[in-house]
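The lines below spell out each chain.
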Amino acid sequence: MTDRIISSSAALAEALHEEMQRDETIFIMGEDLVSHAGVFGQFKGLPEHFPGRIIDTPISEACIAGCGVGAALTGMRPIVDFHFSDFVTCGMDELCNQAAKIRYMSGGQVKLPVVFWCPDGAGLRAAAQHSQSLESWFVHMPGLKVVVPSEPSDVKGLIKSAVRDDNPVMFFQHKKLFAREGPVSEDDYLIPLGRAAVKKEGKDVTLLCYGAGYYLCEEAAEKLAGEKIDAEIVDLRTLKPLDMETIAASIAKTHRAVIVHEACLTGGFGAELAARIQDELFDELDAPVKRVGARDVPIPFSPAMEDFVLPRADDVAAAVHAVTYR
Amino acid sequence: MAENRKKLLELYRQMVTVRQFETMAGEYFAAGKIPGFIHLSIGQEASSVGVCSCLRPDDYVITTHRGHGHMIAKGADLKRMVAELFGKKDGYCKGKGGSMHIADYSIGILGANGVVAGGLPIITGAGLSIKMRKTDQVAVCFFGDGATNRGPVHEAMNMASIWKLPILFVVENNQWASTTPLEYACSVEDLYVRAAGYNIPGEQVDGNDILAVQKAAEKAVIRARAGEGPTFIENKTYRIKGHYEGDPQKYRTDSEIKKWQDKKDPINRFSRVLFKKRVLSKKIVDQIWSEVQTALNEAITFAENSPFPQPEDAMADLYINS
Ligand SMILES: Cc1ncc(C[n+]2csc(CCOP(=O)(O)OP(=O)(O)O)c2C)c(N)n1
């Protein structure tokens, strides 16, 4: 009923608490989970409440991911914590050749209810191997679903749907957003995978975003409001499946679109989305679709360089100026 | 004798340098001068210094996220190291890498790694290259006890063994991998036994006894240079500081840490040996610590005076335009 203001981390822990209470087959495995409730404290309270169902593993990403697959094939609903999303590279075979394909290759004989939970993103001065946003790799992999929530309320509703889904789901949460707070309902609610949210209505331009990109759009929209540009913010929330209906409805109204993500630009999700918009909504557009993303380099360590590489709200505003010709 | 004395003092000085460097890094991190996160090797100085003391300048080393000691022991410049930690332009990586990625390829450091066990396949390639180029260099890979549970470690050991590559696999068993104790995460109590599965000689060494470390490494280096293949050395030691600076360390007790300080501290232990041999005196100790502090102060001044990189410098160094 009531909303409280809680962090993304707390929203995640609350949702998982509810789910684990409901379904005994859910468990979480990964490195360094029990003693500090996850490296970011993201599973606060769970180790005490569910002893034996939060499992510390050796540093063995390939096998951890593979265990997720094997346990899911045999009646459990595992959540695999990848520690840092950068280390998905160490479990790529298990994710892409195994999890993504097993159901299909078997002619649909089995289900694979497994969530791969990946804390991603830059801005912590953690340098190139601990700062990446790799979601678009997995969008390119038929058989996986890809979820990238932004606000705490999305985290709660989406992780619950991800856990209940019978398919492998890649779930990305930005490290810098764990502490970010927002209103979250106490209710046991689900946000279906594949449903975007219009987070702010507007008539002049559609900002399409997800994850940390949402907050850039929020900031940019406020600034643009001062210039009498009324931006609509569509938070995609899941990239696969993708809610083209909501996207189309918004673009039909504004006729202009800017896509915003923190991942580097080339080959990022914006490329796929821009292609679909021009293909499916060409007649609605009054301007070419613009993309905003990080520059195409690994994330550098030193603060000024890192900040330079990452997209800013000003970049979003500049892209809006370009598509609105103002 | 005088020659030997000089060498012993040099080992001592190097250990003190690593210790002082790490202590400084912890202080500057706490003061907000070092961005990101850093992993210190206090308590593990005998391993880095002992192994590297057996190496030539043209030998290779790959280090880890806990790599400051290996860098210093292989001969890195303190000034450029501190500058890199500070994210400055004159740092080893021009501020692009930071603590976790400090490297000096000109002295044979083939990288530090933020990916646990990331160095092992690469060292195997370096070993293969040495063999193909027919030199008598050796290649050393440092890694932690936690790393030994990753697949690439095992693939690397097997390949190094079948091709008899000139490699030293040096595991620094500090008994903890972040919050996870070795006895939980490893199927064996002693890691050196894992080498047997790959037909590689494995040896466990008291990793806080620098002369024992040096002896084991010397033997392995001779074997490698002679083309007889890799060796696996387990330096049993202890991580005194948190996994990273700021680690709340709920997973262990203060009394466990204390057990590895004072009497078991590798620098104290070595200094007791050197006092007995009359190589060290109170006066020489004071002199070395103060000389090291002076060198470190110079490095800090250098780093503080170095400019930050320009934001656009982020775009340089990705590809070679050839
Ligand atoms: C592939 C990979 N998995 C996880 C991590 C996160 N991580 C960084 S250091 C570390 C513990 C490493 O332990 P160990 O190998 O024993 O080295 P130590 O830190 O004790 O020196 C972990 C889990 C990582 N950097 N890379």
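Residues numbered from 1 in each chain as written. Chains lettered and ligands numbered in written order. Predicted model: local features only at pLDDT ≥ 70, side-chain atom pairs only at ≥ 80, totals over all residues. Heavy atoms only, no water.

Participant: Lay out the overall build of chain B in plain terms, naming residues and giving numbers.
Facilitator: Helix and strand counts for chain B stand at eleven helices and seven strands. The C-alpha radius of gyration computed for chain B amounts to 19 Å, which stays within 12% of the reference 20 Å derived for 322 residues, consistent with globular compactness. By principal-axis analysis of the C-alpha atoms, chain B measures approximately 60 × 50 × 45 Å. Each of the 322 residues in chain B was classed as buried or not, and the buried ones make up 57%. For chain B, long-range pairs separated by at least 24 residues make up 73% of all intrachain contacts whose partners lie at least 6 apart in sequence. Carbon and sulfur atoms make up 54% of the accessible area of chain B, which amounts to about 13,800 Å² in all. Of the side chains in chain B, 41 bear a positive and 37 a negative charge, and the two mean positions are spaced by 4 Å. (Helix = DSSP H or I, 4+ residues; strand = E, 2+ residues; numbered from the N terminus. Rg over C-alpha atoms; globule rule 2.2 N^0.38 Å. Buried < 20%, exposed > 50% of the residue type's maximum accessible area, 1.4 Å probe, protein only. Contact = heavy atoms within 4.5 Å. Areas by Shrake-Rupley, 256 points an atom, 1.4 Å probe, with all protein chains shown as cover. Lys, Arg positive; Asp, Glu negative; His and termini not counted. Charge placed at Lys NZ, Arg CZ, Asp CG, Glu CD.)

Participant: Describe the sheet that holds strand β3 (residues 167-173) of chain B, with residues and values.
Facilitator: Two orientations exist for strands paired in a sheet by backbone hydrogen bonds: parallel and antiparallel. Residue and element names in this part refer to chain B. The strand order across the open sheet formed by five strands is β1-β2-β3-β7-β6, and the pairing between neighbours is parallel. Of all strands in the sheet, those bounded by a partner on one side alone are β1 (60-62) and β6 (202-206). Going from strand to strand, the sheet's axes swing by 20° on average, the running direction of each strand aside. Strand direction decides the pairing type here: β6 and strand β7 (residues 231-236), joined by five bridges, are parallel. (Pairing = 2+ DSSP bridges. Axes fitted to C-alpha atoms, helices over the stretch in contact; angles between N-to-C directions.)

Participant: With reference to specific residues and values, describe the site of the ligand.
Facilitator: In the neighbourhood of the ligand, 23 residues make up the surrounding shell, with E61 of chain A together with H65, R66, G114 and G146 of chain B lying closest. Mapping the residues near the ligand onto chains gives chains A and B. Here an oxygen atom of the ligand and a backbone polar atom of A147 of chain B are 3.0 Å apart. Counted by class, the shell around the ligand contains eight nonpolar, nine polar and six charged residues. (Near = heavy atom within 4 Å. Polar contact = N/O pair within 3.5 Å; in protein donor to acceptor, adjacent residues only side chain to side chain. Nonpolar A, V, L, I, M, F, W, Y, C, P; charged D, E, K, R; others polar.)

Participant: I'd love a proper account of the domain arrangement of chain A, names of residues and values included.
Facilitator: Residue and element names in this part refer to chain A. Assigned domains of chain A: these are domain 1 (3-185) and domain 2 (197-324). Taking only C-alpha atoms into account, the centre of domain 1 sits 25 Å from that of domain 2. In this complex, domain 1 contributes 28 residues to the contact, which on the side of domain 2 involves 26 residues. Of the roughly 2,200 Å² buried between domain 1 and domain 2, counting both surfaces, carbon and sulfur atoms make up 56%. Area buried by domain 1 at its contact with domain 2 is led by R125, V139 and V148, which between them contribute 26% of it. For the pair domain 1 and domain 2, the interface holds five salt bridges. There are 18 residue pairs in polar contact (both at pLDDT 80 or more) connecting domain 1 and domain 2. Listing elements by their share of the side of domain 1 that touches domain 2, those giving two or more residues are α6 (135-139), β6 (145-147) and α7 (152-164). Looking at side-chain class alone, the side of domain 1 that touches domain 2 contains 15 nonpolar, seven polar and six charged residues. (Domains from an automatic or database assignment. Buried area = accessible area lost by both parts, 1.4 Å probe. Salt bridge = Lys/Arg side-chain N within 4 Å of Asp/Glu carboxyl O.)

Participant: Please set out α7 of chain A residue by residue, giving values where relevant.
Facilitator: All names here are of chain A. Compared with an ideal rise of 1.5 Å per residue, which puts 13 residues at 18 Å, α7 spans 19 Å between its outermost C-alpha atoms and is within 8% of the ideal. Among the 13 residues of α7, eleven are classified as buried, and the element is accordingly described as predominantly covered. Within α7, the full set of buried residues consists of P152, D154, V155, K156, G157, L158, I159, K160, S161, A162 and V163. (Expected span 1.5 Å × (residues − 1).)

Participant: Before we move on, can you summarise the packing of helix α2 (residues 45-52) of chain B against helix α8 (residues 210-225) of chain B with the specific residues and values?
Facilitator: Residues and elements named next belong to chain B. Where α2 meets α8, the axes come as close as 8 Å, and the angle between the chain directions of the two elements is 40°. Between α2 and α8, the angle is such that the two are oblique. Of the two possible hands of crossing, α2 and α8 adopt the one that is right-handed. The segment α2 lies against α8, with A46, S47, V49, G50 and V51 engaging I210, V213, Q214 and A217. Along the lines of polarity and charge, the residues of the contact of α2 with α8 split into six nonpolar, three polar and no charged. (Parallel < 35°, antiparallel > 145°, perpendicular 65-115°, else oblique. Left-handed = near helix turned anticlockwise from the far one by under 90°.)

Participant: Could you give me a rundown of the interface of chain A and chain B, with the residues and numbers involved?
Facilitator: Chain A puts 31 residues into the contact, and the matching count from chain B is 42 residues. Of the roughly 2,700 Å² buried where chain A meets chain B, counting both sides, 67% is carbon and sulfur surface. The interface formed by chain A and chain B includes one salt bridge. For R150 of chain B, the salt bridge identified is with E61 of chain A, shortest N-O distance 3.3 Å. For the pair chain A and chain B, the number of links is 13 residue pairs in polar contact (both at pLDDT 80 or more). Looking at the side of chain A that touches chain B, the elements that each hand over two or more residues are β3 (54-56) and α11 (303-309) of chain A. Tallying contributions element by element places α11 of chain A first for the side of chain A that touches chain B, with five residues.

Participant: Explain the sheet that holds strand β12 (residues 238-240) of chain A to me, using residue names and the numbers behind them.
Facilitator: All names here are of chain A. Pairing within the open sheet is mixed, and its seven strands lie in the order β3-β2-β4-β5-β7-β6-β12. Looking at strand neighbours, the two that pair on one side only are β3 and β12, the edges of this open sheet. On average, each strand axis in the sheet is inclined to that of its neighbour by 20°, with strand direction left out of account. Here β6 runs beside strand β7 (residues 169-174); their pairing, made up of three bridges, is parallel. Following the sheet pairing, V147 is matched in β7 by F171. Across the face of the sheet, helix α3 (residues 61-73) comes into contact with β2 (26-30), β4 (77-81) and β5 (115-120) while running at roughly 170° to β4.

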